[in-house]
Amino acid sequence: MPASRSVDPEELRHAVRTVAAWLDTPTESDAEPDAGAEPTRKELASAVRLSLRTLATIAPGHSVEVRVPPFSAVQCVEGPRHTRGTPPNVVETDPRTWLELATGRLDWTDAVDRGLVAASGPRADISPWLPIVRP
């Protein structure tokens, strides 16, 4: 989805609420079996895409590429525009970690320190724009 399309805040909140129970469930093996069932691929994709598009809206620009495979990637943050090859400023993480960051369940520094987020380049710190939404 292109980042230039505006996101309806209520649509974003709904998408995040849909996956909130799953995000609140511990990832360790001691989690209750019925608590926070994993969302469908469609639900997860919607929450990731809408939150990434929101990031691109609140931090417009083209100097940082934020990737959450397999669902989406956006360019954001003011600065030098990147046009070819691998961008110099890249943030990449998995869908769960991204949504934990986007909802304030996980701190940026903690995620980077634990290796949950790969952030390279001098502009790759997107913490000033997190969290994006609270469920």
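For the structure itself, look to the data block above.
Residues numbered from 1 in each chain as written. Predicted model: local features only at pLDDT ≥ 70, side-chain atom pairs only at ≥ 80, totals over all residues. Heavy atoms only, no water.

### Remarks on helix α3 (residues 95-102)
Piece 1. Along α3, eight of the eight residues are buried, which leaves the element largely enclosed by surrounding structure.
Piece 2. Residues of α3 that are buried make contact with α1 (9-24), α2 (41-58), β1 (64-68), β3 (90-93), α4 (108-113) and β4 (117-120).
Piece 3. You can read the cap of α3 off the contacts: a side-chain oxygen lies 3.2 Å from the backbone nitrogen of R96, and it is on D94. (Buried < 20%, exposed > 50% of the residue type's maximum accessible area, 1.4 Å probe, protein only. Helix = DSSP H or I, 4+ residues; strand = E, 2+ residues; numbered from the N terminus. Contact = heavy atoms within 4.5 Å. Polar contact = N/O pair within 3.5 Å; in protein donor to acceptor, adjacent residues only side chain to side chain.)

### Details of the sheet that holds β4
Piece 1. Ordered by their spatial adjacency, four strands build an open sheet running β2-β1-β3-β4, and the pairing between neighbours is mixed. The two strands at the open ends of the sheet, each matched to only one other strand, are β2 (72-76) and β4. Adjacent strand axes in the sheet meet at a mean angle of 10° when their direction is disregarded.
Piece 2. Looking at chain direction, β3 and β4 are connected through four bridges and run antiparallel. Within the sheet, the bridge partner assigned to V91 lies in β4 and is A119. (Pairing = 2+ DSSP bridges. Axes fitted to C-alpha atoms, helices over the stretch in contact; angles between N-to-C directions.)

### Here we look at the side chain of S51
Piece 1. Examined against the element boundaries, S51 turns out to sit in helix α2.
Piece 2. By relative accessible area, S51 is classed as buried at 0%.
Piece 3. A polar atom in the side chain of S51 sits 2.8 Å from the side chain of W98.
Piece 4. In this structure, S51 is in contact with L12, W98, L99, A102 and I132, ignoring residues within four places of it in sequence.

### Notes on α1
Piece 1. Counted at 1.5 Å a residue, the expected span for α1 with its 16 residues is 22 Å, and the 21 Å between its end C-alpha atoms agrees.
Piece 2. Its maximal kink placed at T18, α1 deviates by approximately 40°.
Piece 3. Those residues of α1 not exposed but buried are L12, A15, V16, V19, A20, W22 and L23.
Piece 4. Buried residues along α1 sit in contact with α2 and α3. (Expected span 1.5 Å × (residues − 1). Bend = angle between axes of the 7 residues up to and from the residue.)

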